[in-house]
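A structural walkthrough
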Amino acid sequence: MTSMVIAAVWLPACAPRSVRTGPPPALGPPRVQLAVVQQRARWFDTDDPIRVAGSQQELVAGSYLLARLEEAGYLVNLDPVPVGNLLHSTNVIALPPSGHATIVVVADYDTSSSAPSDGAGLGTFLEVARALRVVDPNHSVEFVALGAEHIAINGGQVGGRSLIELLKGQSPLPRLVRIGDVSGGSAQPSVAGPAAPSIRSVAARAHIPVRGAGSPPSDVFTRAGFAETVIGGGLSAGPVLLTFLTAASKQ
């Protein structure tokens with residue numbers, strides 16, 4: 001009952017809207033801080049590890065993501081995602097400072113019995129978003145934390161389906177980069193999908209070995225026509241992704 005009441009109270013705030021009238025200055029160094037990634041990871045994995053779609057715990061995580069993205073200097077939209085009677089999840093969307101997205105970076109933040117918390121992936125998502133805002137204050141990358149990706153209704157990926165509805169009118173469609181499973185250790189990054197050659201190239205210039213992971217799984221984004229690349233592996237995935245986005249968002 002508590003979760004339903006809190007979710008209902010937050011619903012007016014979940015209507016698509018900008019929550020700032022203008023972005024603040026970008027803060028921090030122009031690089032991915034691995035210590036900050038680990039700090040964010042501990043928050044997700046320790047303080048709020050079970051985030052079932054539509055629950056109070058997922059709501060708390062969404063509020064945390066919103067606050068961190070605003071601190072990074074983004075205008076943020078909240079896209080409500082219905083998941084049941086009176087219950088909503090939310091996609092947290094950091095809009096591209098340029099006003100037009102050529103690349104969309106996504107990461108899931110809800111959990112299920114088969115999809116445990118990946119705090120390192122979410123920490124990477126937040127720190128790459130912050131660092132890119134410092135490197136290029138007018139970049140064209142949109143960052144979207146997806147809720148309700150792991151709920152077993154309507155075939156799953158409910159947050160992804162909602163995002164597709166927002167993006168499908170764009171021509172051409174923006175490229176999609178999904179942050180997959182990221183370990184907290186020193187494992188090599190892994191990458192699969194159309195942008196894999198470019199990502200491996202920038203990684204090689206930074207002397208970071210990257211392993212292939214085969215083809216990315218077919219999901220709602222690939223079936224909707226998006227060129228989707230998945231990056232994961234160890235924490236060095238963050239610096240590699242930042243370098244790729246810095247170059248690719250200007251193309």
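Data block above holds the structure.
Fair warning: this is a prediction, and the values are worked out from it, not measured in the lab.

How each quantity is defined
- Residues numbered from 1 in each chain as written.
- Predicted model: local features only at pLDDT ≥ 70, side-chain atom pairs only at ≥ 80, totals over all residues.
- Heavy atoms only, no water.
- Phe/Tyr/Trp six-rings, centres within 6.5 Å; stacked < 30°, edge-to-face > 60°.
- Buried < 20%, exposed > 50% of the residue type's maximum accessible area, 1.4 Å probe, protein only.
- Helix = DSSP H or I, 4+ residues; strand = E, 2+ residues; numbered from the N terminus.
- Salt bridge = Lys/Arg side-chain N within 4 Å of Asp/Glu carboxyl O.
- Pairing = 2+ DSSP bridges.
- Axes fitted to C-alpha atoms, helices over the stretch in contact; angles between N-to-C directions.
- Parallel < 35°, antiparallel > 145°, perpendicular 65-115°, else oblique.
- Left-handed = near helix turned anticlockwise from the far one by under 90°.
- Contact = heavy atoms within 4.5 Å.
- Nonpolar A, V, L, I, M, F, W, Y, C, P; charged D, E, K, R; others polar.

1. Brief notes about the packing of aromatic side chains
Per the stated rule, a full pass over the model turns up 6 aromatic pairs. When the ring of Trp43 is compared with that of Phe44, the centres are 5.1 Å apart and the planes differ by 90°; the resulting orientation is edge-to-face. Phe44 sits in the buried class, given a relative accessible area of 0%. Here the aromatic rings of Trp43 and Tyr64 are separated by 3.9 Å at their centres, their planes lie at 10°, and the arrangement is stacked. In this pair, Trp43 sits in helix α2 (residues 34-47) while Tyr64 sits in helix α3 (residues 56-71), placing the two residues 21 residues apart along the sequence. For the pair shown, Trp43 and Tyr64 are each scored as buried.

2. Topic: the pattern of salt bridges
On inspection of all chains with the given rule, the structure shows 7 salt bridges. The closest approach of N and O atoms between Glu71 and Arg68, which form a salt bridge, is 2.8 Å. Of this pair, Glu71 and Arg68 both sit in helix α3, 3 residues apart, which is roughly one turn of the helix. Note on Glu71: relative accessible area 44%, which makes it partly exposed. For Glu228, the salt bridge is made with Arg178, and the minimal N-O distance between the two is 3.0 Å. Here Arg178 lies in strand β5 (residues 175-182) and Glu228 lies in strand β8 (residues 228-233), a separation of 50 residues in the sequence. Residue class for Glu228 comes out buried when judged on its relative accessible area of 2%. Within the structure, one salt-bridge network assembled from shared partners comprises Asp108, Glu149, Arg178, Asp219 and Glu228.

3. Structural notes on unusual backbone geometry
Here the residue pair Ser171 and Pro172 is connected by a cis peptide bond, since its omega of -5° sits within 30 degrees of zero. Considering the arrangement of structural elements, one finds Pro172 in the loop between α5 (158-167) and β5. Positioned with a positive phi, Ala148 is a non-glycine residue whose angle comes to about 55°. On the secondary structure map, Ala148 appears in the loop between β4 (141-146) and α5. What makes Ala148 buried here is its relative accessible area of 0%.

4. Some thoughts on the pairing of strand β1 (residues 76-84)
Each regular strand displays side chains that alternate between the two surfaces of the sheet. Direction of pairing for β1 relative to strand β2 (residues 87-94): antiparallel, over a ladder of 8 bridges. In the sheet register, Val76 faces β2, and the bridge partner there is Ala94. Joining the antiparallel neighbours β1 and β2 is a turn of 2 residues, in which Leu86 adopts a positive phi near 70°.

5. Considering the packing of helix α6 (residues 196-205) against helix α8 (residues 237-248)
Relative to each other, α6 and α8 sit at 110°, their axes nearing to 9 Å. Here α6 is positioned roughly perpendicular relative to α8, judged by the angle of their axes. When the axes of α6 and α8 are compared, the crossing they make is right-handed. Contacts from Ser198, Ile199, Val202 and Ala203 in α6 reach Val240, Thr243 and Phe244 in α8. Looking at the contact of α6 with α8, its residues break down into 5 nonpolar, 2 polar and no charged.

6. Looking at the packing of α2 against α3
For the pair α2 and α3, interaxial distance at closest approach is 11 Å and the crossing angle is 165°. Looking at the two axes, α2 sits roughly antiparallel to α3. In this structure, α2 meets α3 at a crossing whose hand is right-handed. Between α2 and α3, the residues in contact are Arg40, Trp43 and Phe44 and Val60, Ala61, Tyr64, Leu65, Arg68 and Glu71, respectively. Of the residues in the contact of α2 with α3, the class split is 6 nonpolar, no polar and 3 charged.

7. A few points about the sheet that holds β8
What the 8 strands build is an open sheet, ordered β1-β2-β4-β3-β5-β8-β6-β7; its pairing is mixed. Each end of this open sheet is capped by a strand with a single partner; those strands are β1 and β7 (211-212). In the sheet, β5 pairs with β8 via 5 bridges, with the strands oriented parallel. Following the sheet pairing, Arg178 is matched in β8 by Val230. Packing against the sheet, α3 makes contact with β1, β2 and β4, and its axis sits at approximately 15° to β2. α5 contacts β1, β2, β3 (103-108) and β4 of the sheet and is inclined by roughly 130° relative to β1.

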